[in-house]
Amino acid sequence: MSATDPTDPYVVELAPNVHAFVQPDGGWCLNNAGFLGDAGESLLVDTAATERRARLLRAAVLAEGLPLPRTIVTTHHHGDHTYGNGVFVPEARIVGHENCRTEQLAAGHQLHLLWPQTDFGQVDILPPTVTYRERLTLYVAGIEVRVIHPGPAHTTGDSIVHLPEQGVVFTGDLVFHGGTPFLPMGSLAGSLRALDLLRSLDAPTVVPGHGRVTDPSAYDTTERYLLWVRELAAEGYAKGATPLETARGAELGEFAAWQESERLVANLHRAYAELAGLPEGSPLDPAAVFGDMAAMNGGVPVACHA
């Protein structure tokens with residue numbers, strides 16, 4: 001990639017010794033990561049979908065004068081946030097929610113199955129080796145790092161990374177700034193609760209899982225979308241319409257400009273499951289979910305942009 005390529009990852013200083021690694025344009029497989037520390041030690045929040053992109057992240061850490069991280073905090077198991085772990089292991093231990101470990105082992109090379117044409121590079125499945133259940137606090141270079149499980153939301157193993165003194169929160173994929181939320185592996189009701197938890201942290205700087213660094217207003221727009229999906233699902237479910245029929249009849253309104261609008265049908269599958277009384281985070285049929293997204297995407301499978 002050229003130095004002026006608008007799709008190049010870039011680094012944002014969020015606070016002294018705290019940075020975000022942002023990958024435009026935040027679409028499928030273009031996630032954000034973060035890093036913090038000083039000349040003595042560093043910590044990484046998530047990695048990237050490909051070995052090449054993880055090596056760009058590695059170079060960005062070194063360019064800020066930091067040593068390679070001894071700790072990676074994984075916000076959830078999806079490959080765009082974890083496939084690059086091997087670039088930092090064995091020097092780094094991996095920390096995540098106990099469900100994240102289980103989900104990552106179960107998923108394996110899932111992105112390879114979805115996007116067999118993508119060059120992911122050398123990818124070893126490296127799940128958390130240190131797990132927690134509700135909350136965990138780490139201290140790195142004098143920075144307090146609070147790791148918080150919100151309950152089932154984007155997945156059943158999500159982690160929020162909050163730096164209280166710096167006023168920074170890494171939301172993982174609880175927030176997609178400018179992109180459509182994605183709920184089929186988590187919970188609609190739980191995602192709404194997670195937004196309340198994020199608000200309670202009162203952090204002015206918000207690093208979403210995808211999209212530009214933002215502020216707490218992102219919680220409000222995400223909440224409006226989730227409430228709209230909940231209402232849409234209730235209407236469709238009551239009429240006996242399938243998630244695909246309901247999605248095709250929907251008017252996106254203010255959400256029409258968001259990327260990955262085809263995710264609406266995936267989110268409706270989750271909302272329908274909750275209306276049917278299934279527990280939050282219950283497995284859905286991935287073939288049905290991704291098949292319906294392809295149908296919403298003009299009959300073409302969704303594309304990996306990494």
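Scroll up to find the structure this text is about.
So, how was this worked out
Residues numbered from 1 in each chain as written. Predicted model: local features only at pLDDT ≥ 70, side-chain atom pairs only at ≥ 80, totals over all residues. Heavy atoms only, no water. Helix = DSSP H or I, 4+ residues; strand = E, 2+ residues; numbered from the N terminus. Contact = heavy atoms within 4.5 Å. Phe/Tyr/Trp six-rings, centres within 6.5 Å; stacked < 30°, edge-to-face > 60°. Lys NZ or Arg CZ within 6 Å of the ring centre and 35° of its normal. Axes fitted to C-alpha atoms, helices over the stretch in contact; angles between N-to-C directions. Parallel < 35°, antiparallel > 145°, perpendicular 65-115°, else oblique. Left-handed = near helix turned anticlockwise from the far one by under 90°. Nonpolar A, V, L, I, M, F, W, Y, C, P; charged D, E, K, R; others polar. Pairing = 2+ DSSP bridges. Core = buried A, V, L, I, M, F, W, Y, C linked by side-chain atoms within 4.5 Å. Buried < 20%, exposed > 50% of the residue type's maximum accessible area, 1.4 Å probe, protein only.

### Quick word on the side chain of Thr 50
One can find Thr 50 in the loop between strand S4 (42–45) and helix H1 (51–63). For Thr 50, the contacting residues outside a window of four places in its chain are Asp 119, Phe 120 and Ala 306.

### Regarding the packing of aromatic side chains
For the coordinates displayed, the defined rule picks out 11 aromatic pairs. Each residue in the set Trp 28, Trp 115, Phe 182 and Phe 290 is aromatic and connected to the rest through ring pairs, giving one cluster. Across from the ring centre of Trp 28, 4.1 Å away, lies the NZ or CZ of Arg 263, which sits over that ring.

### Considerations on the packing of helix H5 (residues 188–201) against helix H6 (residues 217–239)
Between H5 and H6, the shortest axis-to-axis distance is 10 Å and the interhelical angle comes to 160°. It follows from the interaxial angle that H5 and H6 lie roughly antiparallel. Where H5 crosses over H6, the handedness of that crossing is left-handed. Counted together, Leu 188, Ser 191, Leu 192, Leu 195, Asp 196, Leu 198 and Arg 199 of H5 and Tyr 219, Asp 220, Thr 222, Glu 223, Leu 226, Leu 227, Val 229 and Arg 230 of H6 form the full contact between these two elements. Taken together, the residues of the contact of H5 with H6 break down into 8 nonpolar, 2 polar and 5 charged.

### Remarks on the sheet that holds strand S6 (residues 93–97)
The sheet built from 7 strands is open, its strands ordered S1-S2-S3-S4-S5-S6-S7 with mixed pairing. Looking at which strands have only one partner, the edges of the open sheet turn out to be strand S1 (10–15) and strand S7 (130–132). The sheet shows a mean angle of 20° between the axes of neighbouring strands, taken without regard to direction. Where S6 meets S7, 3 bridges bridge the pair, whose relative direction is parallel. By the bridge assignment, His 97 is partnered in S7 with Tyr 132. Contacting S6 and S7, helix H3 (residues 98–107) crosses the sheet at an angle of about 105° to S6.

### Quick notes on the sheet that holds strand S11 (residues 168–176)
With respect to topology, 5 strands assemble into an open sheet ordered S8-S9-S10-S11-S12, the strand pairing being mixed. The sheet terminates laterally at strand S8 (135–140) and strand S12 (205–210), the two strands that pair on one side only. Going across the sheet, the axis of each strand differs from the next one's by a mean of 25°, ignoring polarity. Note: strand S10 (residues 160–163) against S11, 3 bridges, orientation antiparallel. Paired with His 162 across the bridge in S11 is Val 169. In the packing of H6 onto the sheet, contacts are made with S11 and S12, and the angle to S11 comes to roughly 20°.

### A closer look at the nonpolar core
In terms of nonpolar packing, the biggest core is built from 51 residues, with Leu 198, Leu 264 and Met 293 touching the most fellow members. If you list the elements that add at least two residues to this core, you get S11, H5, H6, helix H7 (243–248), helix H8 (263–275) and helix H9 (286–296). For this core, the leading source of residues is H6, giving 8 residues. Not counting chain neighbours up to four residues away, the residues in contact with Leu 198 comprise Ile 160, Val 169, Thr 171, Leu 174, Val 175 and Tyr 219. Core analysis: the next-biggest nonpolar cluster, separate from the first, contains 21 residues, Ala 20, Val 45, Ile 143 and Phe 170 among them.

### What about the environment of Pro 9?
Mapped onto the fold, Pro 9 is located in the segment before S1. In this structure Pro 9 comes out as buried when scored by relative accessible area, which is 18%. Taking C-alpha positions, Pro 9 is 21 Å from Pro 181, a pair spaced 172 residues apart along the chain.

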